[in-house]
Amino acid sequence: NTTVSSICERCVPGRYARTPGSIACLDCPRGKFQKLTGSQDCDDCSKGKYQSQLGQQICDDCPKGKASADFGSSVCFKCSPGQYQDLLGQTECRDCNPGYVANSTGNPTCKGCDGGYEQPLSKSLNCTECQPGKYQDGSPPNACQFCSAGSMTLLPAQPSCFSCPAGTVCSDGRVVVQSGYWAYISEENKLAVLPCPVELCM
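Description of the structure in this document. (Residues numbered from 1 in each chain as written. Predicted model: local features only at pLDDT ≥ 70, side-chain atom pairs only at ≥ 80, totals over all residues. Heavy atoms only, no water.)

### Focus: the overall build of the protein chain
Regarding its fold elements, the protein chain presents zero helices and 22 strands. Scaling as 2.2 N^0.38, a compact globule of 202 residues should have a C-alpha radius of gyration of about 17 Å, whereas the protein chain reaches 33 Å, well beyond that. Each of the three principal axes of the protein chain carries a C-alpha extent, and together these read 125 × 25 × 15 Å. Put simply, the protein chain has 202 residues, and 29% of those count as buried. A sequence separation of at least 24 residues applies to 34% of the contacts in the protein chain between residues at least 6 apart. (Helix = DSSP H or I, 4+ residues; strand = E, 2+ residues; numbered from the N terminus. Rg over C-alpha atoms; globule rule 2.2 N^0.38 Å. Buried < 20%, exposed > 50% of the residue type's maximum accessible area, 1.4 Å probe, protein only. Contact = heavy atoms within 4.5 Å.)

What follows is the structure, given as structure tokens:
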């Protein structure tokens, strides 16, 4: 003899049965969840969360470097280059601030420009060289600045300035050789200043 049960069972969390008389419960699809027993449907994951597996009771927060702007997401999207997200469970990514860059996708942070480089714009991928006469020492806000009076740089991408040698006047990144002196760039890319021989400085 076959015994037929007259007792209906409740669907367990993570599963549902939409119609009366169902012979089996179904797994909640991806992007949905159900934490209660005896449910007729599953709920969408909220914004900032996702669920990539079937039959789940909860949704997970989007990890750092990713976000989800929609309900019912099965995946989170990676932050684009020039953007980042340093918090969990977020609905959008944030633009890198000036002085910081991100040249790949899915960044949890942006990288500050190295010494000698800057980026004046937000949402940028790469830093640019400081021009001669300016420097950037790698400290926030990572922006190139003119060398102070009495100092200078000769080359681009310099993290510091050097004192102007005797016989020169430096201001706003420019160097002027004074009368009675002559100058040249040495093999070490340094400014060499010497008193003029009479025959050269007449």
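Let us keep going from here.
### Re the pattern of salt bridges
In a structure, side chains of opposite charge can pair up when their charged atoms sit close to one another. Using the criterion set out here, one finds six salt bridges in the structure. In this structure, the salt-bridge partner of Arg15 is Asp27, at a minimum N-O distance of 3.0 Å. Of the two residues, Arg15 is situated in strand S1 (residues 15-16) and Asp27 in strand S2 (residues 26-27); the sequence distance between them amounts to 12 residues. Between Arg18 and Asp41 there is a salt bridge, with its nearest N and O atoms 3.0 Å apart. Highlighted residues: Arg18 in the loop between S1 and S2 and Asp41 in the loop between strand S3 (32-33) and strand S4 (43-44), separated in sequence by 23 residues. (Salt bridge = Lys/Arg side-chain N within 4 Å of Asp/Glu carboxyl O.)

### Brief notes about the state of the cysteines
What the rule picks out here adds up to 10 disulfides. Residue Cys130 pairs covalently with Cys144 via a disulfide, S to S 1.9 Å. Linking Cys130 and Cys144, the disulfide has an S-S dihedral of approximately -85° and is accordingly described as left-handed. Here Cys144 lies in the loop between strand S15 (134-135) and strand S16 (145-146) and Cys130 lies in the loop between strand S14 (128-129) and S15, a separation of 14 residues in the sequence. Across the pair, Cys144 and Cys130 agree in class, each one buried. Among the cysteines around Cys8, which has no disulfide bond, Cys25 carries the closest sulfur, lying 10 Å off. Using a relative accessible area of 76% as the deciding quantity, one classes Cys8 as exposed. (Disulfide = S-S within 2.5 Å.)

### A word on the environment of Gly31
Along the chain, Gly31 turns up in the loop between S2 and S3. Separated by 11 residues in sequence, Gly31 and Cys42 place their C-alpha atoms 9.5 Å apart. Setting aside anything within four residues of it in sequence, one finds Gly31 in contact with Asp43, Asp44, Cys45, Gln51, Gly72, Ser73 and Ser74.

### Here's the deal with the pairing of strand S22 (residues 191-195)
Alignment of strand S21 (residues 181-185) against S22, held across five bridges, turns out to be antiparallel. By the bridge assignment, Ile185 is partnered in S22 with Leu191. Between S21 and S22, which pair antiparallel and follow one another directly, the connecting turn spans five residues, one of which, Asn189, has a positive phi of 60°. (Pairing = 2+ DSSP bridges.)

### Examining the packing of aromatic side chains
The tally for this structure, following the rule as stated, stands at one aromatic pair. Geometry around Phe146 places Lys134 over its ring, the cationic atom sitting 4.7 Å from the centre. (Phe/Tyr/Trp six-rings, centres within 6.5 Å; stacked < 30°, edge-to-face > 60°. Lys NZ or Arg CZ within 6 Å of the ring centre and 35° of its normal.)

### Focus on the side chain of Thr168
In this structure, Thr168 sits in strand S19 (residues 168-171). Of the residues examined, Thr168 reaches a relative accessible area of 11% and is grouped as buried. Among the polar contacts listed, one links the side chain of Thr168 to the backbone oxygen of Pro165, at a separation of 2.7 Å. Beyond its immediate stretch of four places on either side in the chain, Thr168 contacts Val175, Val176, Val177, Gln178, Leu191 and Val193. (Polar contact = N/O pair within 3.5 Å; in protein donor to acceptor, adjacent residues only side chain to side chain.)

### With respect to unusual backbone geometry
Note the cis peptide between Pro140 and Pro141, where omega equals 10°. Within the secondary structure, Pro141 is located in the loop between S15 and S16. Of note in the backbone geometry, Ala157 takes a positive phi value of approximately 60° without being a glycine. Mapped onto the elements of the fold, Ala157 is located in the loop between strand S17 (151-152) and strand S18 (162-163). Exposure remark for Ala157: the relative accessible area of 16% places this residue in the buried category.

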